[in-house]
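# Understanding the architecture of this molecule
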Amino acid sequence: MSYSFLLYKSNSKIWLAGHTVYGLCSAWNHATNPSRPMTEREHHRANQYARAIKNRMTRSGIVYGKDYTELSNGSLWPIKN
């Protein structure tokens, strides 16, 4: 089973969608979904992708508590301003 989102490429579909808090939260939730079965290699790549998403959020000026929050299940949720 292949997960194309795990490809750490700047032109991947989800990576391109991640220029807003909504897109980045969606990409984070997709990459860190614990209910999806993954091999060790895919899990490692998903963790790399999740770190890259958090780094992009920081560089974009997206602030935890102001722009998004983390739910009890670990998913990120955008806050409407």
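Notes on the structure follow. (Residues numbered from 1 in each chain as written. Predicted model: local features only at pLDDT ≥ 70, side-chain atom pairs only at ≥ 80, totals over all residues. Heavy atoms only, no water.)

### What about the overall build of the protein?
Test applied: Think of it this way: any DSSP run of H or I at least four residues long counts as a helix, any run of E at least two long counts as a strand, and we number them from the N terminus. A contact between two residues is defined here by any heavy atoms of the two lying within 4.5 Å.
A count of helices and strands for the protein gives three helices and two strands. Within the protein, residue pairs in contact and separated by at least 24 positions form 56% of the contacts whose partners lie at least 6 positions apart.

### Points about the packing of helix α2 (residues 21-31) against helix α3 (residues 40-60)
Stated formally: Axes here refer to lines fitted to C-alpha atoms; in helices the fit is confined to the stretch in contact. Angles between the N-to-C directions go from 0 to 180 degrees. The labels follow the angle: roughly parallel below 35 degrees, roughly antiparallel above 145, roughly perpendicular from 65 to 115, and oblique for the rest. It is the rotation of the near helix from the far one that decides the hand of a crossing: anticlockwise by less than a right angle makes it left-handed, clockwise makes it right-handed. Only Asp, Glu, Lys and Arg are considered charged, only Ala, Val, Leu, Ile, Met, Phe, Trp, Tyr, Cys and Pro nonpolar, and every remaining residue, Gly among them, polar.
At a minimum axis separation of 9 Å, α2 and α3 run at an interaxial angle of 160°. Overall, the two elements α2 and α3 adopt an arrangement that is roughly antiparallel. By crossing handedness, the relation of α2 to α3 is classed as left-handed. Residues Leu24, Cys25, Ala27, Trp28 and Ala31 of α2 lie in contact with α3, whose contacting residues are Ala46, Tyr49, Ala50, Ile53, Lys54, Arg56 and Met57. Classifying every residue of the contact of α2 with α3 by side-chain character gives ten nonpolar, no polar and two charged.

### Structural notes on α3
For clarity, the cut-off: One fewer than the residue count of a helix, multiplied by 1.5 Å, yields its expected span. Accessibility here uses a 1.4 Å probe with only protein chains present; expressed as a share of the type maximum, an area under 20% marks a residue as buried, one over 50% as exposed, and anything in between as partly exposed. Throughout, the arc means that of the directions going from the helix axis to the C-beta atoms.
The end-to-end C-alpha separation of α3 is 30 Å, in line with the 30 Å expected for 21 residues at 1.5 Å each. When α3 is considered as a whole, its buried residues turn out to be Glu42, Ala46, Tyr49, Ala50, Ala52, Ile53, Arg56 and Met57. Projected onto a plane normal to the axis of α3, the buried residues spread over an arc of 165° and lie on a single side. Opposite the buried face of α3, at more than 90 degrees from it, the exposed residues are Glu40, Arg41, Thr58 and Arg59. The first or second residue beyond α3 is Gly61, which carries a positive phi of 85°.

### Notes on the packing of aromatic side chains
Using the following cut-off: Here a Phe, Tyr or Trp ring, Trp counted by its six-membered ring, pairs with any other such ring whose centre lies within 6.5 Å, and the pair is stacked when the planes are under 30 degrees apart, edge-to-face when over 60, and tilted otherwise. To sit over a ring, a charge needs its Lys NZ or Arg CZ within 6 Å of the ring centre and within 35 degrees of the ring normal.
Applying the stated criterion to the full structure yields one aromatic pair. Pairing Tyr64 with Tyr68 gives two aromatic rings, centres 5.5 Å apart and planes at 75°, and the pair type is edge-to-face. Judged by its relative accessible area of 47%, Tyr64 falls in the partly exposed class. Positioned above the aromatic ring of Trp28 is the side chain of Lys54, whose terminal nitrogen or guanidinium carbon lies 4.9 Å from the ring centre.

### Some thoughts on the nonpolar core
Soluble, globular proteins show a tendency: their nonpolar side chains are buried together. Keep this limit in mind: Nonpolar cores are built from buried Ala, Val, Leu, Ile, Met, Phe, Trp, Tyr and Cys residues. Side-chain atoms within 4.5 Å join them into one set.
Counting 13 residues, the largest nonpolar core has Cys25, Ile53, Met57, Ile62, Tyr68 and Leu76 as its most contacted members. Broken down by secondary-structure element, the contributors of at least two residues to this core are α2 and α3. Looking at this core, the element that brings in the most residues is α2, giving six residues.

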